[in-house]
Amino acid sequence: MIEAKEVSLIYPDGTKALKNINLKINPGELVYITGPSGSGKTSLLKLLIGMEYTSEGELKVLNETMDKNNERKIRKLRKRIGPVFQEFKLIDGRTALENVMMGMRFLGIAPGKMKEDAENALKRVGLEHKIHTLVEHLSWGEAQRVAIARAVARKPVLILADEPTGNLDHENAINILELLTSFKDQDTAVIITTHATHLIDGVKDATFVRVNSGEITVIRSEVG
Amino acid sequence: MKTFLYNIGYFLSEAMRTIRSNPLSNFFSVIGTGLILFLLGIVLVGWSVGDQIVMALEQEAEISVYLTNPEDQVKIDELTLQLQKLEGVLEVRSVGKEQAKEQMEKLLGNESEILGLFDENPFEAFLEVRINLGQMEEVLNKLQNVNGVEYVRDNREVLEQMKQIADGLKLIGVFIILAVGMTTLIIISHMIRQGIYNNREQINTLRLLGAPGTFIGFPFVLAGTLMTVIGGAIAIGFLLVIINSGYQQLSGALPFIPLPVQEWLQARISSMVLTVSAFLGVMGSLFGLASMRNDKS
């Protein structure tokens, strides 16, 4: 599903965000990418969704080479990914339902089915009572749930969640992680970045990738 | 195509949202576009009326053919038939001696009394030949070489000057249309760029979710086209008023000007302005959209 070989990312200002990353993630896998702020977790996710391109090495996501020359295919590939952005990227002036449907409109789903799927996704994240609320009127935690609903309503094969526990208290953070991991199945892999390692202590059936100063320092699998 | 059909309602609501996102600026853009399209409409009205006048004058482009034997009616009839067969000749009419005098009396009006000084009718029978103005030179040469023709009198200079004026007006019109087109394109593309800038975060999110460029861009094209068409509709409203009042004034004061039928002119100008505005709207929006390509996804 994801294969990185000696991948490096250097930003235009010369900052080396990632160095010699080697990683393999399989379908149905739950992966936590941990590390302190600025360690390169978000940069790694940006590479996986094609927001940045590798400076060195080779990265393949869902069999597509994540290369600048492959932009057209990468744009198509994004339809199969469910991203949950750190800052959510919800669209103001639209309701929760409209935001979720916004991520589905170009997937060729009939309007009735699309609305039904979007409503189900919002129910699954516990927001059935806020379906018609404008997203700017939602709390931080609710907005995050809308972002998750938008990601999963598309029935992606890869869910990427960037720091979903940031700004949340312990209880809500645990709830969000549980919610995200519940979408992992035989075909769908879930990758979550977090700097709050205490939230995932004791988690089983997952792979833990520790990133520090742009390098992977530990890859550890816990089997439940 | 399926995705497009499923999302028609969405595209329309997004287009309206884009228009409403910057109401004051878009309002002035629509008014500006309307005024520009009004200018374009005025040029088109000028063209249509000018074309009609030139066409009417061309139809009345008559040449007088004087004969070597104006008294011989058989010869006149033969010559009439002969000239009708010439290429470029539209109609040949025989004008008798008395008819020629009546024509002159009509032309002279109150001064026609002068003709009373003659003991006999001083006019000769002649042939009035209506020709195709575009073939004037050719037809004149042919007529002059026909046996039985003494002299050919034409109003070529006047007609050619009129044609030159009409052609000059057309050339000026072309430049005005080009200027109007360019200005409209600039206004609309600027409007769309502004819309894209205002919605840059939404566009970026849609890109990251995998939305194709056509899906993202279509509402902007729709918004630009809608605004230009609204501008066009405003222009048409003003043009209809202007045409109406122009016809009322001209038909009273200058009844001999061969104006086109008012309803025909109004329908023609309305459809032309509407078509041009829709075309410019689409083109301007596409130019505006081109700026999206330079944004980083």
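Residues numbered from 1 in each chain as written. Chains lettered and ligands numbered in written order. Predicted model: local features only at pLDDT ≥ 70, side-chain atom pairs only at ≥ 80, totals over all residues. Heavy atoms only, no water.

1. A closer look at the overall build of chain A
Helix and strand content of chain A: six helices and 10 strands. Relative to a compact globule of 224 residues, whose C-alpha radius of gyration would be 17 Å, chain A shows 17 Å and is just as compact. Structurally, chain A occupies a C-alpha span of about 45 × 40 × 35 Å along its principal axes. Taken across its 224 residues, chain A has 54% of its residues classed as buried. A separation of at least 24 residues holds for 66% of the contacts in chain A among residues at least 6 apart in sequence. Carbon and sulfur atoms make up 46% of the accessible area of chain A, which totals about 10,000 Å². (Helix = DSSP H or I, 4+ residues; strand = E, 2+ residues; numbered from the N terminus. Rg over C-alpha atoms; globule rule 2.2 N^0.38 Å. Buried < 20%, exposed > 50% of the residue type's maximum accessible area, 1.4 Å probe, protein only. Contact = heavy atoms within 4.5 Å. Areas by Shrake-Rupley, 256 points an atom, 1.4 Å probe, with all protein chains shown as cover.)

2. Considerations on the interface of chain B and chain A
Accessible area lost upon the coming together of the parts is a frequently used measure of interface size. Facing the 21 residues of chain B at the interface are 23 residues of chain A. The interface formed by chain B and chain A holds one salt bridge in total. B:Glu14 serves as the salt-bridge partner of A:Arg94, at 2.5 Å between the closest nitrogen and oxygen. Scanning the region where chain B abuts chain A turns up six residue pairs in polar contact (both at pLDDT 80 or more). (Salt bridge = Lys/Arg side-chain N within 4 Å of Asp/Glu carboxyl O. Polar contact = N/O pair within 3.5 Å; in protein donor to acceptor, adjacent residues only side chain to side chain.)

3. Some thoughts on the nonpolar core
Ranked by internal contacts, the top residues of the largest apolar core, which has 44 residues, are A:Tyr32, A:Val100, A:Leu122, A:Val146, A:Ile148, A:Leu180 and A:Ile192. The element that contributes the greatest number of residues to this core is helix α5 (residues 140-153) of chain A, accounting for eight residues. (Core = buried A, V, L, I, M, F, W, Y, C linked by side-chain atoms within 4.5 Å.)

4. Concerning helix α6 (residues 136-144) of chain B
All of the buried residues along α6(B) are B:Met136, B:Val139, B:Leu140 and B:Leu143. Looking straight down α6(B), one finds that the buried residues subtend no more than 100 degrees of arc, so they occupy a single side. (Arc of directions from axis to C-beta.)

5. Topic: the packing of aromatic side chains
Going through the model one piece at a time under the given rule, you end up with 13 aromatic pairs over all chains. Seen from their ring centres, B:Tyr66 and B:Tyr151 are 6.0 Å apart, and the 25 degrees between their planes marks the pair as stacked. Within this pair, whereas B:Tyr66 is found in strand β1 (residues 62-67), its partner B:Tyr151 is found in strand β4 (residues 149-153), the two being separated by 85 residues in sequence. Every member of this aromatic cluster is reached through a ring pair, and the members are A:Phe106, B:Phe4, B:Tyr10, B:Phe11, B:Phe215 and B:Phe218. In this structure, A:Lys89 packs its charged tip against the face of A:Phe85, placed 5.6 Å from the ring centre. A cation over a ring is seen here: B:Arg200 above B:Tyr197, with NZ or CZ 4.0 Å from the ring centre. (Phe/Tyr/Trp six-rings, centres within 6.5 Å; stacked < 30°, edge-to-face > 60°. Lys NZ or Arg CZ within 6 Å of the ring centre and 35° of its normal.)

6. Side note on the domain arrangement of chain B
Domain boundaries assigned for chain B yield domain 1 (2-57 + 160-294) and domain 2 (62-154). The C-alpha-based centres of domain 1 of chain B and domain 2 of chain B are spaced at 51 Å. (Domains from an automatic or database assignment.)

7. Notes on the sheet that holds strand β2 (residues 16-25) of chain A
Residue and element names in this part refer to chain A. As summarised here, the arrangement of the four strands in space is β2-β1-β4-β5, forming an open sheet in which the pairing is antiparallel. Across the chains shown, the open sheet's two edge strands, defined by having one partner strand only, are β2 and β5 (64-65). Its contacts with the sheet put helix α1 (residues 41-49) on β1 (2-10), β2 and β4 (56-61), and the angle it makes with β2 is roughly 60 degrees. (Pairing = 2+ DSSP bridges. Axes fitted to C-alpha atoms, helices over the stretch in contact; angles between N-to-C directions.)

8. Quick word on the sheet that holds strand β10 (residues 215-222) of chain A
All names here are of chain A. Within the open sheet, the six strands sit side by side as β6-β7-β8-β3-β9-β10. Their pairing is mixed. Edge positions in the sheet fall to β6 (81-84) and β10, since each of these pairs with one other strand and no more. The mean angle between the axes of side-by-side strands here comes to 15 degrees, regardless of whether they run parallel or antiparallel. Note that strand β7 (residues 158-162) and strand β8 (residues 189-194) share five bridges and pair parallel. Opposite Leu 158, over in β8, you have Ala 189 as the bridge partner. Packing against the sheet, α5 makes contact with β6 and β7, and its axis sits at approximately 175 degrees to β6.

9. Points about a nonpolar patch on the surface
Residues and elements named next belong to chain B. Together, Met 1, Phe 4, Leu 5, Ile 8 and Leu 12 line one region of the surface with nonpolar side chains, adding up to about 490 Å² of accessible area. Those elements giving two or more residues to the nonpolar patch turn out to be α1 (2-6) and α2 (8-21). By the element assignment, Ile 8 lies in helix α2. (Patch = residues over 30% accessible without salt bridge, like charges linked within 9 Å, V, L, I, M, F, W, Y side chains within 5 Å.)

10. Focus on the side chain of B:Ser270
Residues and elements named next belong to chain B. Residue placement: Ser 270 occurs in helix α10 (residues 262-290). Assessed through its relative accessible area of 17%, Ser 270 is described here as buried. Look past the residues within four positions of Ser 270 in its chain and what remains in contact with it is Ile 236 and Leu 240.

11. Some details on the packing of helix α4 (residues 111-124) of chain A against α5(A)
Residues and elements named next belong to chain A. Between α4 and α5, the shortest axis-to-axis distance is 9 Å and the interhelical angle comes to 135 degrees. Between α4 and α5, the crossing angle belongs to the class labelled oblique. The hand of the α4/α5 crossing is right-handed. Contacts between α4 and α5 involve Asp 117, Ala 118, Ala 121 and Leu 122 from the former and Val 146, Ala 149, Val 152 and Ala 153 from the latter. Grouping the amino acids of the contact of α4 with α5 by side-chain chemistry returns seven nonpolar, no polar and one charged. (Parallel < 35°, antiparallel > 145°, perpendicular 65-115°, else oblique. Left-handed = near helix turned anticlockwise from the far one by under 90°. Nonpolar A, V, L, I, M, F, W, Y, C, P; charged D, E, K, R; others polar.)

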